[in-house]
Amino acid sequence: MEQEPRSVRLRIDLAYDGSGFSGWAAQPGRRTVEETLAAALGRVLRLSGPPGLTVAGRTDAGVHARGQVVHADVPAPAWTSLTDPGPGQGAGQGTGAARPLTRLAAVLPPDIRVHAVGPAPDGFDARFSALWRRYSYRVCDDPARADPLRRNETLWTPRRLDLAAMNEAAASLAGEHDFAAFCRRREGATTVRTLRQLNWQRNPQGVAVATVVADAFCHNMVRALVGALLAVGEGRRPPGWPAEVLAAAVRDPAVRVVAPHGLCLEEVGYPKPEELAIRATEIRNRRTATASRSASGC
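So, a few notes on the structure that sits alongside this text.

The rules behind the values
- Residues numbered from 1 in each chain as written.
- Predicted model: local features only at pLDDT ≥ 70, side-chain atom pairs only at ≥ 80, totals over all residues.
- Heavy atoms only, no water.
- Helix = DSSP H or I, 4+ residues; strand = E, 2+ residues; numbered from the N terminus.
- Buried < 20%, exposed > 50% of the residue type's maximum accessible area, 1.4 Å probe, protein only.
- Contact = heavy atoms within 4.5 Å.
- Areas by Shrake-Rupley, 256 points an atom, 1.4 Å probe, with all protein chains shown as cover.
- Phe/Tyr/Trp six-rings, centres within 6.5 Å; stacked < 30°, edge-to-face > 60°.

Further remarks concern the overall build of the protein. Looking only at helices and strands, one finds seven helices and 10 strands in the protein. Within the span of the protein, comprising 298 residues, buried residues form 48% of the whole. At a minimum sequence separation of 6, the contacts of the protein that also span at least 24 residues come to 70%. A total of about 14900 Å² of accessible surface is found on the protein, and carbon and sulfur atoms cover 50% of it.

Counted under the stated rule, the structure contains two aromatic pairs. Aromatic side chains Phe124 and Tyr270 sit 5.0 Å apart centroid to centroid with 55° between the ring planes, which places their arrangement in the tilted category. Of the two residues, Phe124 is situated in the loop between strand S4 (112-119) and strand S5 (132-140) and Tyr270 in the loop between strand S10 (263-269) and helix H7 (276-296); the sequence distance between them amounts to 146 residues. One exposure class covers both Phe124 and Tyr270, and it is buried.

Okay, unusual backbone geometry next. With a phi angle near 55°, Arg46 is a residue other than glycine that sits in the positive phi range. Tracing the chain through its elements places Arg46 in the loop between helix H1 (33-44) and strand S2 (54-55). Accessibility expressed as a relative area gives 72% for Arg46, which makes it exposed. Residues other than glycine seldom take positive phi values, yet Ala249 does so here, at roughly 60°. Tracing the backbone shows Ala249 in the loop between helix H6 (241-248) and S10. You can call Ala249 partly exposed: its relative accessible area is 26%.

Right under this line is the structure:
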């Protein structure tokens, strides 16, 4: 019996400017990060078609990433031939580990860049092995400091923000909660998340930057949290209001989902290599159990 082709799982670390994409996920007739990256990988690896990709965090249209992580399972011979093409081949394309980056840079558009690519440790899953995701959201509230060169990654607001009040409100949201009030519900998906960090500080340019870290995020969660905290910072709501919204566990029309362009996926955290497979199995089982309970009405 003919053996199945051997494959290798690649870990791919990349960054992208989300301005020109309809989000991460491939969609017919739309330009997305997933289809653009998959096409480039298929080309440099000389595959018959683009490989399937698994991403750590699916970003919406207009959202950026500096620390996105993806895995792809590809034929081992294709990877070997790219990294070790043999004598007299691949001139001008870099050598060894550098060659895939050079080749990808040559075929990818300038709004996507792969920073690292190579065989992943055993048990690695870009999505299910992740321990946490860290996002940032940038807001400029001073017209004198608004930088037009950074307009595609910064929300501009005319009202001066009270960051102390915003951080007071944010502290009440930390921990494990049902964030249904700040999420767009999806059939069979839980809205329980563990929010590890949510705070604001000003960078040297005076821009207010939120740091948001959680085990995972449901749809629109970060942008809704930022919208609620901006209402506090602008003095339209008291610091205790976001906690009241959270406790209600239903979407509140007073919570504005802010524009996507101020949001950026900065980093994804993973456990030690020997713990990757255990983490992935735990998360898969947990989400499968949640989906089963939802289907049964429990």
